[in-house]
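Chain by chain, the residues:
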Amino acid sequence: MTDDERLALTIEIAQEAGEMIRDARERQTFGHRYKKGQELVTDADVAVDTHISERLASHFPDEARLSEELAPTGDSQQGDAPLWVVDPIDGTVNFAHGLSHVAVSIAWLVEGRVRVGVVHAPFLGETFTALAGQGAWRNGMPIKASKTSGLGHALVGTGFPYRRDSRPPLMRRLAAVLEHCQDVRRNGSAALDLCDVACGRLDAYYESVSAWDFAAGWLIAREAGAHAGHLYPCPEGVVEDLYGENLLVTSPGIHRELGELLRRADAGEISVG
Ligand code: IPD
Ligand code: CA
Ligand code: CA
């Protein structure tokens, strides 16, 4: 199968998943519970993951899968073999509250690099796609990251972990960004934050997330000309395209400056107010 055919099939599966998400919201019948005490998961998350997994298994029975609800410990360090990375609903809290920033995220990696990325937002009517080395698109039209060159005009997206005790250290970063950038957005879907950087709506995004949250959006942002990297070096032997710690994805003109600001904030070197 060519990469183009693989992308077309991935879009089809993501859009089927999107229909399931729309139906579930319309019927409002989904139950919910909390994983690890604080992490919301609905029946729809599991049903959509099951559908995507079955569809991928029927087309690619020999390819491994890492997916948030069904295979969260799937082997992400498996070297060169093909791997599907799936977040069935990115933005579960938004989904459960009736908000629109909700996405299906599907990435395909080979040789440790994301080669196909699809992020489909069923309530926004947007499908973001990318093929490594070939570009990024929104509903089939090419997209480009912004050309912002100074932090003062940069609109920055971020997010916060579910664990409340992991949030306080991030307040230093937040304060620094609010002081030095235009403003902050917390839209509740890491995959869509990355797509918003890819199409120039946001100038930057930083956060620590799981592989399924960012793998597809990371390729989409990179292919749209954004600088996709990490605030601190990726540990040796870890696949960078699956390493979600301290992501920093920005328009090219502000990557160095925002990176320095966030590292100085981490080090407690920025006084605010
Ligand atoms: C979450 C969203 C959110 C981010 C969280 C993720 P979920 O994913 O991407 O924006 O801040 O860290 O866990 O739980 O809705 O799939
Ligand atoms: Ca997610
Ligand atoms: Ca999810």
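In the block above lies the structure referred to throughout.
Read on for an overview of the structure.

Analysis parameters
Residues numbered from 1 in each chain as written. Chains lettered and ligands numbered in written order. Predicted model: local features only at pLDDT ≥ 70, side-chain atom pairs only at ≥ 80, totals over all residues. Heavy atoms only, no water. Phe/Tyr/Trp six-rings, centres within 6.5 Å; stacked < 30°, edge-to-face > 60°. Helix = DSSP H or I, 4+ residues; strand = E, 2+ residues; numbered from the N terminus. Buried < 20%, exposed > 50% of the residue type's maximum accessible area, 1.4 Å probe, protein only. Salt bridge = Lys/Arg side-chain N within 4 Å of Asp/Glu carboxyl O. 1 Å grid on protein atoms, 1.4 Å probe; cavity = no way out; pocket = protein on both sides within 12 Å on 5 of 7 lines; lining within 4 Å. Points joined across faces, edges and corners; volume = space filled by probe spheres on them. Nonpolar A, V, L, I, M, F, W, Y, C, P; charged D, E, K, R; others polar. Domains from an automatic or database assignment. Donors = N, O, S within 2.8 Å, 3.2 Å for Na, K, Ca; no water. Expected span 1.5 Å × (residues − 1). Contact = heavy atoms within 4.5 Å. Polar contact = N/O pair within 3.5 Å; in protein donor to acceptor, adjacent residues only side chain to side chain.

Below, the discussion takes up the packing of aromatic side chains. All told, the structure shown has three aromatic pairs when counted by the stated rule. For the pair W84 and W108, a centre-to-centre distance of 6.1 Å together with 40° between the ring planes defines the contact as tilted. In this pair, W84 is assigned in strand β4 (residues 83-90) and W108 in strand β5 (residues 103-110), connecting sequence segments 24 residues apart. This pair shows no difference in class: W84 is buried, exactly as W108 is. Seen in terms of ring centroids, F214 and W218 are 5.4 Å apart; in terms of plane orientation they differ by 90°. Their pairing is edge-to-face. Here F214 and its partner W218 are both found in helix α6 (residues 211-223), four residues apart, which amounts to about one turn of the helix. A residue is classified by how much of its surface remains accessible, and F214, at 0% relative accessible area, is buried.

A full pass over the atoms with the stated rule returns 14 salt bridges. Here R163 ties to D165 by a salt bridge, and the two come within 2.7 Å at their closest N and O atoms. Since its relative accessible area comes to 52%, D165 is described here as exposed. Connected through salt bridges with shared partners, the residues E126, R138, D196 and R201 form a single ionic network.

One number sums up the size of the largest pocket: a volume of about 1,100 Å³. The wall of the largest pocket is formed by 39 residues, among which E39, F160, P161, Y162 and D213 lie closest to the centre. Where the lining of the largest pocket is concerned, the elements lending two or more residues are β1 (32-35), β2 (39-42), β4, α3 (92-97), α5 (190-198) and α6. A per-class count over the lining of the largest pocket returns twelve nonpolar, eleven polar and 16 charged. Residues from two domains meet in the lining of the largest pocket; each of domain 1 (3-142) and domain 2 (151-266) gives at least three.

Our next topic: the coordination of the calcium ion (ligand 2). Around the calcium ion (ligand 2), the donor atoms from the protein are D87 (OD), D90 (OD) and D213 (OD), and they sit 2.0 to 2.2 Å away. All donors of the calcium ion (ligand 2) belong to a single chain; written as a sequence motif, their spacing is D-x2-D-x122-D. Here the calcium ion (ligand 2) and the calcium ion (ligand 3) are spaced 3.6 Å apart, linked through D87, which binds each one. Using a relative accessible area of 0% as the deciding quantity, one classes D87 as buried.

Okay, helix α2 (residues 43-59) next. Compared with an ideal rise of 1.5 Å per residue, which puts 17 residues at 24 Å, α2 spans 25 Å between its outermost C-alpha atoms and is within 8% of the ideal. Elements in contact with the buried residues of α2: α1 (3-27), β2, β3 (64-67), β4, α3 and β5. The opening residue of α2 is T42, an N-cap whose side-chain oxygen sits 3.2 Å from the backbone nitrogen of A44.

Mapped onto the elements of the fold, D241 is located in the loop between β13 (227-230) and β14 (247-250). Engagement of the side chain of D241 in a polar contact is seen with the side chain of W218, the distance being 3.0 Å. Only 3.1 Å separates the side chain of D241 from the side chain of R222, close enough to count as a polar contact. In this structure D241 touches L109, G112, R113, V114, F214, A215, W218 and R222, once residues within four positions along its chain are discounted.

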